[in-house]
Amino acid sequence: MASRAELTPAAWEDLDAVFATVLEVSGSATVAGEAYEGILAAVERALPMPAACPSVAGRTGVPCDYRWVQHAGWLAFFHAKRDVLVVDRVLWGRSDWMRARERMASFTRARPKR
């Protein structure tokens, strides 16, 4: 059980980009704010049981400790560190996630075996 969530600088930049993108597309600061807050609320809902969230390893076969929560089309990727849920990235569902997945897969193929 995590007692609090922390976002990395990259995750904060991602959230700023979410706000800017939704503002540009919708023309509404209210709608952009709701998207921003919705992502943060999804992260907070994961605090009591982060292990119940889908795992990257389970979905891709890539060995890692990352899990995610979803809000609308965005995925917030996190890992648990003691009692802290650390959010590393917030990505737009299909396009960003597929690029990240390909990078992870190529990284694991390139790693030397021990």
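An account of the accompanying structure is given in this report. (Residues numbered from 1 in each chain as written. Predicted model: local features only at pLDDT ≥ 70, side-chain atom pairs only at ≥ 80, totals over all residues. Heavy atoms only, no water.)

Looking at the side chain of T8
Here is step 1: As for its position among the elements, T8 is in the loop between strand 1 (4–7) and helix 1 (9–26).
Here is step 2: Those residues in contact with T8 that lie beyond four places of it in its chain are V86, V87 and D88. (Helix = DSSP H or I, 4+ residues; strand = E, 2+ residues; numbered from the N terminus. Contact = heavy atoms within 4.5 Å.)

Quick word on the environment of P50
Here is step 1: Topologically, P50 is positioned in the loop between helix 2 (29–46) and helix 3 (56–60).
Here is step 2: The class for P50 is buried, based on a relative accessible area of 10%.
Here is step 3: When the C-alpha atoms of P50 and W68 are compared, they prove to be 8.8 Å apart, with 18 residues separating the residues in sequence.
Here is step 4: The contacts of P50, once residues within four sequence positions are left out, are M1, A2, R67, F78 and L85. (Buried < 20%, exposed > 50% of the residue type's maximum accessible area, 1.4 Å probe, protein only.)

Description of the nonpolar core
Here is step 1: Residues V69, L85, V87 and V90 are the most contacted members of the largest nonpolar core, which totals 23 residues.
Here is step 2: Contributions of two or more residues to this core are made by helix 1, helix 2, strand 3 (74–81) and strand 4 (84–92).
Here is step 3: Element by element, the count of residues in this core is highest for helix 2, at eight residues.
Here is step 4: When residues no more than four places from it in sequence are discounted, the contact partners of V69 are A42, V43, A46, C53, W74, L75, A76 and F78.
Here is step 5: Judged by nonpolar contacts, the second largest core, of five residues, contains V56, W68, L75 and L91. (Core = buried A, V, L, I, M, F, W, Y, C linked by side-chain atoms within 4.5 Å.)

Points about the pattern of salt bridges
Here is step 1: For the structure on display, the rule yields two salt bridges.
Here is step 2: A salt bridge links R4 to E6; the shortest N-O distance between them is 2.2 Å.
Here is step 3: Overall, the relative accessible area of 40% leaves R4 in the partly exposed class.
Here is step 4: Given the relative accessible area of 36%, E6 is considered partly exposed.
Here is step 5: D14 is the salt-bridge partner of R89, the closest N and O atoms lying 2.7 Å from each other. Highlighted residues: R89 in strand 4 and D14 in helix 1, separated in sequence by 75 residues. (Salt bridge = Lys/Arg side-chain N within 4 Å of Asp/Glu carboxyl O.)

Quick look at unusual backbone geometry
Here is step 1: For A72, which is not a glycine, the phi torsion comes out positive at approximately 50°.
Here is step 2: Positive phi, normally seen in glycine, also occurs at R82, with a value near 55°.
Here is step 3: Relative to the helices and strands, R82 is located in the loop between strand 3 and strand 4.

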